[in-house]
Amino acid sequence: MNTPTRPLPRIRWRGLAYWIATVAVSAELAVGGIWDIARITYVRDIVTGLGYPTYFLVLLGVWKVLGAAALLAPRFPLVKEWAYAGTLFVYTGALASHLTTGYGRAEIPVLTVMTLLTVASWALRPPARRMGWSGS
């Protein structure tokens with residue numbers, strides 16, 4: 001007796017890649033932002049080693065946490081665009097700071113990966129999360 005077989009559900013690779021990149025970036029922003037706001041010793045040492053004042057951490061941390069929330073929240077495509085831009089500025093600014101000062105070069109591979117994940121999340125976002133989408 002032949003048993004009918006169901007086709008396996010089709011994996012939507014683009015959507016899966018989008019969510020993996022977005023969750024990774026948002027998680028790093030949220031955790032990093034909380035660490036910045038708390039000015040934990042590890043982060044404070046890196047920031048002062050790069051030549052920035054410690055109060056910069058609170059400003060950066062608040063914006064990171066807000067950016068993480070914006071990337072994960074439904075709707076508000078304009079806010080998401082700003083969050084992506086800010087996230088790209090954070091990671092590329094950190095890369096430039098580490099490269100020009102030579103301090104904390106071990107951070108460079110992580111920052112490079114986070115920059116690439118930010119670009120991937122932006123490029124792979126579904127139409128409902130893009131500017132100009134009417135929802136109809």
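Description of the structure in this document. This one's a predicted model, so the numbers in the text were calculated from it and none came from an experiment.

It is worth spelling out the environment of Leu60 at this point. Following the sequence through the fold, Leu60 ends up in helix H3 (residues 55–72). Since its relative accessible area comes to 22%, Leu60 is described here as partly exposed. For the pair Leu60 and Val90, spaced 30 residues apart in sequence, the C-alpha to C-alpha distance is 8.3 Å. Beyond its immediate stretch of four places on either side in the chain, Leu60 contacts Asp36 and Val90.

A few words now on the pattern of salt bridges. In the structure shown here, the tally under the stated rule is 2 salt bridges. Where Arg125 meets Glu81, a salt bridge forms, and the shortest distance between an N and an O atom there is 2.9 Å. One end of the pair, Arg125, is in the segment after helix H5 (108–124); the other, Glu81, is in helix H4 (residues 77–101), with 44 residues separating them in the sequence. A relative accessible area of 21% places Glu81 in the partly exposed class.

Our next topic: the side chain of Lys64. Mapping Lys64 onto the fold places it in helix H3. With a relative accessible area of 11%, Lys64 lands in the buried category. Side chain to side chain, Lys64 and Asp36 meet in a polar contact 2.9 Å long. Ignoring sequence-local partners within four residues, the contact set of Lys64 consists of Leu29, Gly32, Gly33, Asp36 and Val90.

What counts and how
Residues numbered from 1 in each chain as written. Predicted model: local features only at pLDDT ≥ 70, side-chain atom pairs only at ≥ 80, totals over all residues. Heavy atoms only, no water. Helix = DSSP H or I, 4+ residues; strand = E, 2+ residues; numbered from the N terminus. Buried < 20%, exposed > 50% of the residue type's maximum accessible area, 1.4 Å probe, protein only. Contact = heavy atoms within 4.5 Å. Salt bridge = Lys/Arg side-chain N within 4 Å of Asp/Glu carboxyl O. Polar contact = N/O pair within 3.5 Å; in protein donor to acceptor, adjacent residues only side chain to side chain.

All we've got here are geometric facts, nothing functional implied.
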